[in-house]
Amino acid sequence: MAATSARTLKLLSIFGIGATLTAGELATRLGTSVRTVRRDIDTLRDLGYEIEAVRGAGGGYRLGRATRLPPVVFDEDQAVATAVALQTVPAVLSGIRENAARALTTLRQAMPARSRRHAEAFTVSSARNYWEFPAPPIDAETVRAIGGAINRRHLVRVDYTGDGEPVTLTLEPHDLVVWAARWYLVAFDPDADRWRAMRMDRIRPHLPTHTPFGRRDIPHGDPAAFVMTEHDRGDAAAEWPCRGSAVLALPASTVAPFAPGGSTVEYDTESTCRLTLGAWSWAGLAGLLLTFDADITDIEPAELRQALHSLRTRIGRGLGPD
């Protein structure tokens, strides 16, 4: 009986993801027979859960839209995933760490004893990585306002602070992207007739416009790829003990995805860009530039040029005569 109840709960948790699955697929996930799956579906229906049978190609079983799941129905794997996710969530939204800690406590209290033991086995502490430069925490209301406009496909008016004074823009918001602990809005700017990747921490939305727009094809066909290759995305150079720049013989779109956190990439020509970055030492900064395996020119400041000279001398001694 205990095994049957556990299997039925796991079946309910599988339905909770919203997918439509055949009896065979469900049987494989549960490690049981198709006949047993159908009997467990009948059990769930007897308990009041609306399990729909979908006919035709791509058919199977799914949870009815009117059905409400119990507060928590986790199997062991889901319990572990949730516990780890809530303990390692980056502080990208204002108050997110405190809310995540409260959510984890609530979930643990609601979990069955077996799932709770699995979740509590994964108690972790996260430490800051000095190469990561997350944006300042974002007001959750800003994310709600922009996210709501994306879902409704309504224009948004925002104040955006780039390199200078704030400017007011009317945008077609398409997607939100989280990359390297920073939130970006991918939007089309109809007034400038161009796509933008914009840091969410620099956006202040106005009241909703309720003006609809038609969805467009995002460059590269993927919002994440667009953000990663777009050099003009509102990033700023971080404060480091040593900071310098150089022109690399690579396009800005090639350098942008691999530029270290806290660096900036500026367009120079179609085949060159200026990379500004920092490190704990001039030698470390010189080494970062060399990882791009490209010719470098216009190197600033003098300390960075001297570090590159020193590295060349050391490498030459190590290699010895030809």
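Residues numbered from 1 in each chain as written. Predicted model: local features only at pLDDT ≥ 70, side-chain atom pairs only at ≥ 80, totals over all residues. Heavy atoms only, no water.

Going by an unreviewed UniProt entry, the protein chain carries the name DeoR family transcriptional regulator and comes from Planobispora longispora.

**What to know about unusual backbone geometry**
The linkage connecting Glu 300 with the following residue, Pro 301, adopts the cis geometry, with an omega of 0 degrees. One non-glycine residue, His 210, lies in the positive phi region at around 60 degrees. With respect to the element layout, His 210 can be found in the loop between β7 (203-205) and α8 (223-229). With a phi angle near 70 degrees, His 220 is a residue other than glycine that sits in the positive phi range. On the basis of relative accessibility, which here comes to 59%, the residue His 220 falls in the exposed class. (Helix = DSSP H or I, 4+ residues; strand = E, 2+ residues; numbered from the N terminus. Buried < 20%, exposed > 50% of the residue type's maximum accessible area, 1.4 Å probe, protein only.)

**Comments concerning the pairing of strand β5 (residues 182-189)**
With respect to burial, β5 is a largely interior element, eight of its eight residues being buried. Neither face of β5 is open: one carries Arg 182, Tyr 184, Val 186 and Phe 188, the other Trp 183, Leu 185, Ala 187 and Asp 189, and all of them are buried. Here strand β4 (residues 167-179) runs beside β5; their pairing, made up of seven bridges, is antiparallel. Residue pairing for β5: Trp 179 is matched across the bridge by Arg 182. Where β4 hands over to β5, the hairpin turn is made up of two residues, of which Ala 180 adopts a positive phi near 55 degrees. In the sheet, β5 pairs with strand β6 (residues 194-199) via six bridges, with the strands oriented antiparallel. (Pairing = 2+ DSSP bridges.)

**Observations regarding the side chain of Thr 272**
Checked against the element boundaries, Thr 272 lands in strand β10 (residues 272-279). A relative accessible area of 15% means that Thr 272 is categorised as buried. A distance of 2.7 Å separates the side chain of Thr 272 from the side chain of Asp 268, its partner in a polar contact. Among the polar contacts made by the side chain of Thr 272, one reaches the side chain of Thr 269 at a distance of 2.6 Å. The contacts of Thr 272, once residues within four sequence positions are left out, are Val 247, Leu 248, Ala 249, Leu 250, Pro 251 and Tyr 267. (Polar contact = N/O pair within 3.5 Å; in protein donor to acceptor, adjacent residues only side chain to side chain. Contact = heavy atoms within 4.5 Å.)

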